[in-house]
Amino acid sequence: MAKRHPSFVCQECGAVYTRWKGKCEACGGWNTIAEEAGSASPMAGPVATRPSRAKGRIFPLEGLSGESKEAPRTPSGIAELDRVTGGGFVHGSIILLGGDPGIGKSTLLMQASAALALRGERVAYISGEEAVAQVRLRAERLGLGQAPVELASETNVEDIIATLSQGRPPALAIIDSIQTMWTETVESAPGTVTQVRGSAQALIRFAKTTGTAVILVGHVTKDGQIAGPRVVEHMVDAVVSFEGDTGHHFRILRAVKNRFGPTDEIGVFEMSDQGLREVTNPSELFLAGRDMATAGTAVFAGMEGTRPLLVEIQALVAPTSLGTPRRAVVGWDQSRLSMVLAVLEAHGGLKLGMHDVYLNVAGGLRITEPAADLAAAAALVSSLSGNPLPPDTVYFGELGLSGAIRPVAQSPARLKEAAKLGFSGAVAPAPRLEKGKPEKLPLATSSIGHITDLVAGIAARRRKAS
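From a predicted model like this one, the values you see are computed outputs, not experimental measurements.

Caption draft 1: The arrangement of the overall build of the chain in detail. The secondary structure content of the chain amounts to eleven helices and 23 strands. Taking all 466 residues of the chain together, 48% fall into the buried category. A fraction of 67% describes how many contacts in the chain between residues 6 or more apart in sequence connect residues 24 or more apart. When the accessible surface of the chain is summed, it comes to about 23,400 Å², and 54% of that surface belongs to carbon and sulfur atoms.

What follows is the structure in structure tokens.
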């Protein structure tokens, strides 16, 4: 028998080496390479191929034209979860759910499992981290102890697939978590890159052959990425992240990848003593408790998929006592803040080189769209000048390097949401004209074309107040 040679695999990206290295050349991670069982062939390297014993099976090919049916879905019964998944769980799909420890992943999945089971669907909850008694305690705390959810505490993938294959295929199977699973076809410890990849492949094969929707719970690293090889994210049909801060009550469910639905929708939940509660009006939640008479605050009218969302952006500009001014931002892109500050200095005439700048998105929400540039700039100018902005006005617009304010998409939806919450005005770029006809806006809008107009308007408001 040929001698088995070990291989060294990076636990972050899955790169394979013939010897140990302190730094992974593929992803740049330090001390991430671990030894795993390798190939039995010394000439084949760390990964060996096995010759096929039979010829391939011929399968039919089809053309692009033809009748196509929408993938059947099973609604979860939770509206915010269905919004993110695109209408429910697609039969035979694999969803990878990631999030920080204690953020509420197991709570959300328990509520979705109970909702499906109470409708007569077969649901299996397999926990590799907790005993059955611990899962039952969580269900009783949530008031779901009577739901007919099938529970088990198991980590062997072959045993799990054999058990779930008995009787009627489950409509939903939850694996909590994929890092604790192991398969007998791989000779390495649970949690390693090889085991995670092999276990995920076996569960994906089970889902595709039986039509069961499978949710894999994944741990995250300290930088917020799902632990394990990135190839698992390519293997699954959807990657969903559960975001939030332990200092806030709300949680954000965001789709990073979705083959059967949108990737820009979010679901908003509020953590309570009865579990996660759906938030039907997130804007009202994010704007609750804001100080309208304080300088440095602006309300941004944003969009998350098809849902308009209003959130408060807070800025603090203070003289610095350090040689290098500090720039700190929470909930927004650091490089985006640096760009806005540079444009304000170059084209707005502001001197921010000797000031510390702090920017915060109230409530813990993370904003990614560039339409928040104008709201951030307004908050910065307001904090520097000490002049509060109008409390009944929203801001949105993209800021260019030339100082021009560029229009953004879905302006009527943003303004409609602002009008619904009682705002009476908006500062935004001129909307795009469709076939030469101006759009009918739901509230008064002050069109702005350059950053100098914003600075001059805030300065004029200060002179008027004095």
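Caption draft 2: A look at the confidence of the model for the chain. In this model, the chain carries a mean pLDDT of 86, and residues with pLDDT of at least 70 account for 89%. In this model, residues 39-50 is a region of pLDDT below 50 whose contacts with residues beyond four sequence positions or in other chains number 18 contacts.

Caption draft 3: Up close: the packing of helix H4 (residues 157-164) against helix H5 (residues 193-210). Closest axis-to-axis distance for the H4/H5 pair is 10 Å, and the angle between their directions is 10°. Viewed along their axes, H4 and H5 adopt a mutual orientation that is roughly parallel. Across the interface between the two elements, Val157, Ile161 and Leu164 of H4 pack against Ser199, Ala202, Leu203 and Phe206 of H5. Classifying every residue of the contact of H4 with H5 by side-chain character gives six nonpolar, one polar and no charged.

Caption draft 4: Focus on the sheet that holds strand E6 (residues 94-99). Across the sheet, which stays open at both edges, the nine strands sit in the order E8-E7-E9-E10-E6-E11-E12-E13-E14 with mixed pairing between neighbours. Sheet topology places strand E8 (150-153) and strand E14 (275-278) at the edges, where each strand pairs with a single neighbour. Looking at each pair of strands side by side, their axes are set apart by 25° on average, direction ignored. Where E6 meets strand E10 (residues 213-218), five bridges bridge the pair, whose relative direction is parallel. Each bridged residue has a counterpart across the sheet, and for Ile94 the counterpart in E10 is Val214.

Caption draft 5: Expanded view of the sheet that holds strand E17 (residues 327-330). If you walk across this open sheet you meet the seven strands as E17-E18-E16-E15-E19-E22-E23, and the pairing is mixed. Two strands in the sheet have a free side with no partner beyond their single neighbour: E17 and strand E23 (444-447). Across the sheet, the mean angle separating the axes of adjacent strands is 25° when strand polarity is ignored. Taken together, the four bridges between strand E22 (residues 425-428) and E23 define a ladder with parallel strand orientation. Looking across to E23, one finds that Val427 is bridged to Ser446. This element, helix H9 (residues 373-385), spans strand E15 (297-304), strand E16 (307-319), strand E18 (355-361), strand E19 (393-395) and E22 of the sheet and lies at about 35° to E16.

Caption draft 6: Molecular detail of the nonpolar core. Phe300, Trp332, Leu344, Leu380 and Leu454 are the most contacted members of the largest nonpolar core, which has 61 residues in total. Examining the composition of this core, we find that eight residues originate from one element, H9, more than from any other. Discounting chain neighbours no more than four positions away, the residues touching Leu380 are Ala315, Val317, Leu337, Val340, Leu341, Leu344 and Val357. Grouped together as the second largest cluster of nonpolar side chains are 34 residues, Leu81, Leu109, Leu142 and Phe242 included.

Caption draft 7: Examining unusual backbone geometry more closely. Backbone torsion omega between Asp176 and Ser177 reads 5°, so that peptide bond is classified as cis. Its identity as a non-glycine residue notwithstanding, Gln410 has a phi of 60°, on the positive side. Of note, Gln410 is situated in the loop between strand E21 (405-406) and helix H10 (411-420).

Caption draft 8: Looking closely at the pairing of strand E12 (residues 250-258). Where burial is concerned, most of E12 is hidden: seven out of the nine residues are buried. By the bridge criterion, seven bridges tie strand E11 (residues 238-244) to E12 in an arrangement that is antiparallel. Paired with Val240 across the bridge in E12 is Ala255.

Caption draft 9: Structural view of the environment of Ser153. On the secondary structure map, Ser153 appears in strand E8. Overall, the relative accessible area of 40% leaves Ser153 in the partly exposed class. When the C-alpha positions of Ser153 and Glu130 are compared, they lie 6.8 Å apart, and in sequence the two are 23 residues distant. Of note is the side chain of Ser153, whose polar atom sits 3.4 Å from the backbone oxygen of Ser127. Looking at Ser153, its side chain comes within polar contact range of the main-chain oxygen of Glu130, at 3.1 Å.

Caption draft 10: Region of the structure containing the packing of helix H8 (residues 334-346) against H9. Running from N to C, H8 and H9 point in directions that differ by 60°, and their axes come no closer than 10 Å. On the basis of their axis angle, the class for H8 and H9 is oblique. Along this stretch, H8 crosses H9, giving a crossing that reads as right-handed. For the pair H8 and H9, contact is made by Arg336, Leu337, Met339, Val340, Leu341 and Leu344 and by Asp373, Ala377, Leu380 and Val381, respectively.

Caption draft 11: Spotlight on the environment of Leu421. Here Leu421 shows up in the loop between H10 and E22. The sequence separation of Leu421 and Leu310 amounts to 111 residues, and the corresponding C-alpha distance is 9.1 Å. Not counting residues within four places of it along the chain, the set of residues in contact with Leu421 comprises Asn281, Ser283, Glu284, Leu287 and Leu310.

Caption draft 12: Structural context of the pattern of salt bridges. Evaluation of the coordinates by the stated rule reveals 14 salt bridges. Between Arg336 and Asp373 there is a salt bridge, with the nearest N and O atoms lying 2.7 Å from each other. In this pair, Arg336 is assigned in helix H8 and Asp373 in helix H9, connecting sequence segments 37 residues apart. Connected via shared salt-bridge partners are Lys208, Asp237 and Arg259.

Parameters at a glance
- Residues numbered from 1 in each chain as written.
- Predicted model: local features only at pLDDT ≥ 70, side-chain atom pairs only at ≥ 80, totals over all residues.
- Heavy atoms only, no water.
- Helix = DSSP H or I, 4+ residues; strand = E, 2+ residues; numbered from the N terminus.
- Buried < 20%, exposed > 50% of the residue type's maximum accessible area, 1.4 Å probe, protein only.
- Contact = heavy atoms within 4.5 Å.
- Areas by Shrake-Rupley, 256 points an atom, 1.4 Å probe, with all protein chains shown as cover.
- pLDDT = per-residue confidence, 0-100.
- Axes fitted to C-alpha atoms, helices over the stretch in contact; angles between N-to-C directions.
- Parallel < 35°, antiparallel > 145°, perpendicular 65-115°, else oblique.
- Nonpolar A, V, L, I, M, F, W, Y, C, P; charged D, E, K, R; others polar.
- Pairing = 2+ DSSP bridges.
- Core = buried A, V, L, I, M, F, W, Y, C linked by side-chain atoms within 4.5 Å.
- Polar contact = N/O pair within 3.5 Å; in protein donor to acceptor, adjacent residues only side chain to side chain.
- Left-handed = near helix turned anticlockwise from the far one by under 90°.
- Salt bridge = Lys/Arg side-chain N within 4 Å of Asp/Glu carboxyl O.

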